[in-house]
Amino acid sequence: MLVLSRKAGESLMIGDEISITILSVESSGQVNIGVSAPKDVLILRSELQKAASINQNAADTAPALLVAELESVLAEHTAPLAEKQMPEP
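Here the structure is a predicted model, which is why all the values come from computation and not from measurement. All residue numbers here refer to positions counted from 1 along the written sequence of the relevant chain. In keeping with the predicted nature of the model, local features appear solely for residues at pLDDT of at least 70, side-chain atom pairs appear and are counted solely at 80 or more, and the whole-chain, interface and lining totals rest on all residues. In computing side-chain values, all of the structure's heavy atoms are included and hydrogens and water are not.

Q: Sorry, what's going on with the overall build of the protein chain here?
A: Helix and strand definitions follow DSSP, with helices as H or I runs of at least four residues and strands as E runs of at least two, each counted in order from the N terminus. When you go through the protein chain residue by residue, the secondary structure sums to 1 helix and 3 strands. Burial classes: relative accessible area under 20% of the type maximum marks a residue as buried, over 50% as exposed, and values in between as partly exposed (1.4 Å probe, protein chains only). The buried share of the protein chain, taken over its 89 residues, is 3%. Per-residue and other accessible areas follow the Shrake-Rupley method at a 1.4 Å probe size, with only the shown protein chains counted as cover for residues. When the accessible surface of the protein chain is totalled, it reaches about 7,900 Å², and 59% of it is carbon and sulfur.

Written out as structure tokens, the structure reads:
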């Protein structure tokens, strides 16, 4: 991790197209920053990125679990029907 010191009004560049500017530093320690980047660059706070990742993982795994559960329930309900429909020898 690169650690830089910047004062209010100072900027740093990431590549040629992304600029981060320190807008203000509050007495509480909160830092307000501005980010200038191309519109196609997604900018998210890390906690939102983490939540989105968790939600995506849940969405990816939930359908498989639901399908397996549905198949199990259907198998339980259709087995007695299959037994009833079989002609006796």
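The rest of the description comes next.
Q: How do you make sense of the pattern of salt bridges when you look at a structure like this?
A: Pairing between side chains of opposite charge can happen when their charged atoms approach one another. Salt bridge, as used here, is a side-chain nitrogen of Lys or Arg placed within 4 Å of a carboxyl oxygen of Asp or Glu. Tallied over the entire structure, the rule returns 2 salt bridges. A salt bridge links Glu10 to Arg6; its shortest N-O distance comes to 3.7 Å. Residue Glu10 is classed as partly exposed on the basis of its relative accessible area of 28%. On the basis of relative accessible area, Arg6 is assigned to the partly exposed category, the value being 38%.

Q: When you look at the pairing of strand 2 (residues 18-25) in this model, what are you seeing that I'm missing?
A: Consecutive side chains along a regular strand alternate between the two faces of the sheet. Pairing between strands requires that DSSP locate at least two bridges from one strand to the other. The pairing of strand 1 (residues 11-14) with strand 2 spans 4 bridges and is classified as antiparallel. Residue pairing in the sheet places Met13 in a bridge with Ser19 of strand 2. Between the antiparallel neighbours strand 1 and strand 2 lie 3 residues, among them Gly15 with a positive phi of about 65°. Here 6 bridges tie strand 2 to strand 3 (residues 31-36), and the two strands are oriented antiparallel to one another. Its bridge partner lying in strand 3, Ile20 is registered against Val35. Where strand 2 hands over to strand 3, the hairpin turn is made up of 5 residues, of which Gly29 adopts a positive phi near 100°.

Q: What exactly am I supposed to notice about the sheet that holds strand 1 here?
A: As a general point, the strands of a sheet are linked pairwise by backbone hydrogen bonds and lie either parallel or antiparallel. An order of 1-2-3 is seen for the 3 strands of this open sheet, with the pairing classed as antiparallel. Because the sheet does not close on itself, it has two edges, and the strands there are strand 1 and strand 3. Neighbouring strand axes in the sheet, compared pairwise and without regard to direction, differ in orientation by 25° on average. Inter-axis angles, ranging from 0 to 180 degrees, are taken between N-to-C directions of lines fitted to C-alpha atoms, where helices are fitted over the stretch in contact.

Any functional reading would require information that these geometric values do not contain.
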